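Spelled out from the first residue to the last, the chains are:
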Amino acid sequence: MIKNLEQNYISIVLVINDDNSQVEKKIKEIKEVLNNNFKNSEIVIVDNTVKIDSLESLKSLDFKYTEIKLPIKHRTQQALNAGTAIAIGDYIVEIEDISFDIDYNKILEMYKKSQEGYDFVFLTPKKSRKSSKIFYSILNRYFKNSFNDISSSVMTLSSRRGQNKVSEVGKKVINRNVAYVLSGLKSSSIITDINYKNKRSFSENTILMFDTLIYYTDAIMILTQRIAFFFLILFGMGGIYSFVLKIFFNTIEGWTSLFVVLSLGFFGIFSILSIIVRYLHHILK
């Protein structure tokens, strides 16, 4: 019996980091899923390691694939950008870390979900880091009632229309999940029962979180303005307090004047910083 294969061209973009002990085995698993379900497909491998011969073992593969060797090590999101930029499929599946054990038959499940009218389908782990949950909780609270909930994902499928839409917006893709949801096109999630803890370093995770908040929201700008307002109230109260002390109590000569000057100075510094942050925010937008 001949199996009817899906006619749409599908691209798999995967990032290889320093832990690549099982990369050959897993790429073969992905290729088998593609051969069993899709008529046309490609695999794009982004080599994000620091070793020159890191993918030497892949030479034994008996099928064609596209390899991108990054000259220096990049953050995972930027490495994925390099892969999706040359992928030619009608649908693109992004795997940011191949070292995790994932049932790659989920690729077909994600594809079928996309055929229901979704331009982005996320494979979301049931369990993830607490820090990740806190971050996305803050992000979803900011976008409350505007978009679908955003969360971590171990694989993401996007349509060509979705990729074009994100490109048309003209913004640099800092966080792919956020950029895809904010495109305005329909998105959906499939929950998978794995305990996902990304292997990005603490510094990379921290930078990604701050970059996401700065680039996609004005939360940092609002925070700095609130800090400036807090210091306005604090030093204003301090100024009043110093005048009360001068009038009703004997204080050291010059103390009141010094405190008032310091209060006004600190308030001015934070006010200027708030204006600068707001100005930079508008430039970024």
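Residues numbered from 1 in each chain as written. Predicted model: local features only at pLDDT ≥ 70, side-chain atom pairs only at ≥ 80, totals over all residues. Heavy atoms only, no water.

**Describing a nonpolar patch on the surface**
A contiguous nonpolar surface patch, about 1000 Å² in accessible area, is contributed by Leu258, Leu262, Phe266, Ile269, Ile272, Leu273, Ile276, Tyr279, Leu280 and Ile283. With respect to the element layout, Leu262 can be found in helix α9 (residues 255–284). The class of Leu262 is partly exposed, set by a relative accessible area of 43%. (Patch = residues over 30% accessible without salt bridge, like charges linked within 9 Å, V, L, I, M, F, W, Y side chains within 5 Å. Areas by Shrake-Rupley, 256 points an atom, 1.4 Å probe, with all protein chains shown as cover. Salt bridge = Lys/Arg side-chain N within 4 Å of Asp/Glu carboxyl O. Helix = DSSP H or I, 4+ residues; strand = E, 2+ residues; numbered from the N terminus. Buried < 20%, exposed > 50% of the residue type's maximum accessible area, 1.4 Å probe, protein only.)

**A closer look at helix α1 (residues 23–37)**
For α1, spanning 15 residues, the distance from its first C-alpha to its last is 21 Å, which sits close to the expected 21 Å at 1.5 Å a residue. Of the positions making up α1, those classed as buried are Val23, Lys26, Ile27, Ile30, Lys31, Val33, Leu34 and Asn37. Projected down its long axis, α1 shows its buried positions confined to an angular sector of 160°, all on one face. Of the surrounding secondary structure, the elements contacted by the buried residues of α1 are β1 (10–16), β2 (41–47), β4 (91–95) and α3 (106–114). (Expected span 1.5 Å × (residues − 1). Arc of directions from axis to C-beta. Contact = heavy atoms within 4.5 Å.)

**Brief notes about the nonpolar core**
Grouped together as the largest cluster of nonpolar side chains are 34 residues, with contacts concentrated most on Leu14, Ile27 and Ile30. Looking at this core element by element, the count peaks at five residues for α1. Of all hydrophobic cores here, the second largest spans 18 residues; its members include Phe122, Val166, Val178 and Leu213. (Core = buried A, V, L, I, M, F, W, Y, C linked by side-chain atoms within 4.5 Å.)

**As for the pattern of salt bridges**
Evaluation of the coordinates by the stated rule reveals nine salt bridges. Among the ionic pairs, Lys28 bridges to Glu24, the shortest N-O distance being 3.6 Å. Residue Lys28 and its partner Glu24 are both found in helix α1; the two are separated by four residues, about one turn of the helix. Of the residues examined, Glu24 reaches a relative accessible area of 22% and is grouped as partly exposed. A salt bridge links Asp211 to Arg75, with the nearest nitrogen and oxygen atoms 3.4 Å apart.

**Brief notes about the packing of helix α4 (residues 130–142) against helix α7 (residues 202–216)**
In helix packing, the relevant descriptors are the interaxial angle and the interaxial distance, both defined with respect to the helix axes. Viewed as axis vectors pointing N to C, α4 and α7 meet at an angle of 5°, and their least axial separation amounts to 12 Å. Of the possible angle classes, the one that applies to α4 and α7 is roughly parallel. Facing α4, whose interface residues are Ser131, Ser132, Phe135 and Leu139, α7 presents Met209, Thr212 and Leu213. Taken together, the residues that form the contact of α4 with α7 break down as four nonpolar, three polar and no charged. (Axes fitted to C-alpha atoms, helices over the stretch in contact; angles between N-to-C directions. Parallel < 35°, antiparallel > 145°, perpendicular 65-115°, else oblique. Nonpolar A, V, L, I, M, F, W, Y, C, P; charged D, E, K, R; others polar.)

Geometric descriptors of this kind do not, in isolation, establish any biological role.
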